[in-house]
Amino acid sequence: MAYGVKIAKGDAYKRAALKRRHIRVRKHISGSPERPRLVVTRSNRHMVAQVIDDIAGHTLASASTLDVSIRGGEGDKSALAKQVGALVAERAKAAGVEAVVFDRGGNQYAGRIAALADAAREAGLKF
């Protein structure tokens, strides 16, 4: 099935390109009850990570830089992304999740995305 994303100019073109890349990644990645999907959403200021069971359509665990425990934390955006990764791994393990499939959401696996993934691995989540 072909997915079309309208071509635009400027920032809208960047969003459309991100959407195209995310669709391309999602063709191959899906979360199951045994291995849910860890999806990362990145904006210029914040990070959100969710552990999703795609078959049931439920979010099992989530964490973000907007959480009370992380908001206003010290460090740069990469340090906050590490805190989000550790927190989502802790919450996922509390929900009974041991292994996940990583969905980078069309973003490049570098910087804040990689920092979040590394922190989640260090906290005991298997990819």
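The rules behind each value
Note on numbering: residues in each chain are counted from 1, in written sequence order. In keeping with the model being predicted, local features are shown solely for residues with a pLDDT of at least 70 and side-chain atom pairs are shown and tallied solely at 80 or more, while totals for entire chains, interfaces and linings include all residues. Only heavy atoms go into the side-chain values, all of them from the structure, while hydrogens and water stay out. UniProt positions are given in the numbering used here, feature names are shortened, and annotations may be inferred rather than shown by experiment. A run of H or I in DSSP becomes a helix once it reaches four residues, and a run of E becomes a strand once it reaches two; helices and strands are each numbered from the N terminus. Here the radius of gyration uses the C-alpha set of atoms, whereas the globule reference equals 2.2 Å times the residue count to the power 0.38. For each residue, the accessible area found with a 1.4 Å probe, counting protein chains only, is set against the maximum for its type, and the residue is called buried under 20%, exposed over 50%, and partly exposed in between. Every residue pair with non-hydrogen atoms within 4.5 Å of one another is taken to be in contact. Every accessible area reported is derived by Shrake-Rupley at a probe size of 1.4 Å, with residue values counting cover from the shown protein chains alone. Under the counting rule used here, the positive set is Lys and Arg, the negative set is Asp and Glu, and His together with the chain ends is not counted. In this description, the location of a charge corresponds to atom NZ of lysine, CZ of arginine, CG of aspartate or CD of glutamate. The criterion for an aromatic pair is that two Phe, Tyr or Trp rings (for Trp, the six-membered ring) have centres within 6.5 Å, with stacked assigned to planes under 30 degrees apart, edge-to-face to planes over 60 apart and tilted to the rest. Distance and angle both matter: a charge sits over a ring if NZ of Lys or CZ of Arg is within 6 Å of the ring centre and within 35 degrees of the ring normal. Between N or O atoms, a polar contact is any pair within 3.5 Å; within protein, one atom must be a potential hydrogen donor and the other a potential acceptor, and residues adjacent in sequence are included only when both atoms are from side chains. Under this scheme, a helix contributes an axis fitted over its contacting stretch, all axes are lines through C-alpha atoms, and angles between N-to-C directions fall in the 0 to 180 degree range. With the far helix as reference, a near helix turned anticlockwise by less than a right angle produces a left-handed crossing, and one turned clockwise produces a right-handed crossing. Amino acids outside the nonpolar list (Ala, Val, Leu, Ile, Met, Phe, Trp, Tyr, Cys, Pro) and the charged list (Asp, Glu, Lys, Arg) are all regarded as polar, and Gly is one of them.

For the protein chain, the name recorded in an unreviewed UniProt entry is Large ribosomal subunit protein uL18, with Streptomyces sp. 900116325 as its organism. UniProt, in its Function (unreviewed entry) section for the protein chain, records the words "This is one of the proteins that bind and probably mediate the attachment of the 5S RNA into the large ribosomal subunit, where it forms part of the central protuberance." The UniProt entry for the protein chain carries this comment under Sequence similarities (unreviewed entry): "Belongs to the universal ribosomal protein uL18 family."

Student: Please provide a residue-by-residue account of the overall build of the protein chain, values included.
Tutor: Each helix and strand counted, the protein chain has three helices and four strands in total. Taking 14 Å as the expected radius of gyration for a compact globule of 127 residues, we find that the protein chain reaches 15 Å, a close match to that expectation. Overall, the C-alpha framework of the protein chain stretches about 40 × 35 × 20 Å when taken along its three principal axes. Buried residues in the protein chain amount to 38% of all 127 residues. Once local pairs closer than 6 in sequence are excluded, the contacts in the protein chain between residues at least 24 apart make up 56%. Accessible surface, the protein chain: about 7700 Å² in total, of which carbon and sulfur atoms supply 51%. Each charge class in the protein chain can be summarised by its mean position, and for the 23 positive and 12 negative side chains these summaries are 11 Å apart.

Student: An account of the packing of aromatic side chains is requested, with residue identities and associated values reported.
Tutor: Tallied over the full model, the rule gives two aromatic pairs. The rings of F102, Y109 and F127 are connected pair by pair, giving a single aromatic cluster. Stacked on the ring of F127, the Lys or Arg R121 has its end atom at 4.4 Å from the ring centre.

Student: Give me the lowdown on the side chain of R37, citing residues and values where you can.
Tutor: Here R37 shows up in strand 1 (residues 37-42). Judged by relative accessible area, R37 falls into the buried class, the value being 6%. At 2.9 Å, the side chain of R37 forms a polar contact with the side chain of D54. Within polar-contact distance, the side chain of R37 engages the side chain of D103 at 2.9 Å. Discounting chain neighbours no more than four positions away, the residues touching R37 are R26, I29, G31, Q50, V51, I52, D54, V101 and D103.

Student: Tell me about the packing of helix 2 (residues 77-94) against helix 3 (residues 112-122), residues and numbers included.
Tutor: Packed helix pairs are specified by the crossing angle of their axes together with the interaxial distance, meaning the distance between the axes. Two elements in contact, helix 2 and helix 3, have axes whose closest approach is 7 Å; the angle formed by their N-to-C orientations is 35°. Remark: the crossing between helix 2 and helix 3 carries right-handed chirality. Here K77, S78, A81, K82, V84, G85, A86 and A89 of helix 2 lie close against helix 3, whose contacting residues are R112, A115, L116, A119 and A120. Across the contact of helix 2 with helix 3, the residue classes tally to eight nonpolar, two polar and three charged.

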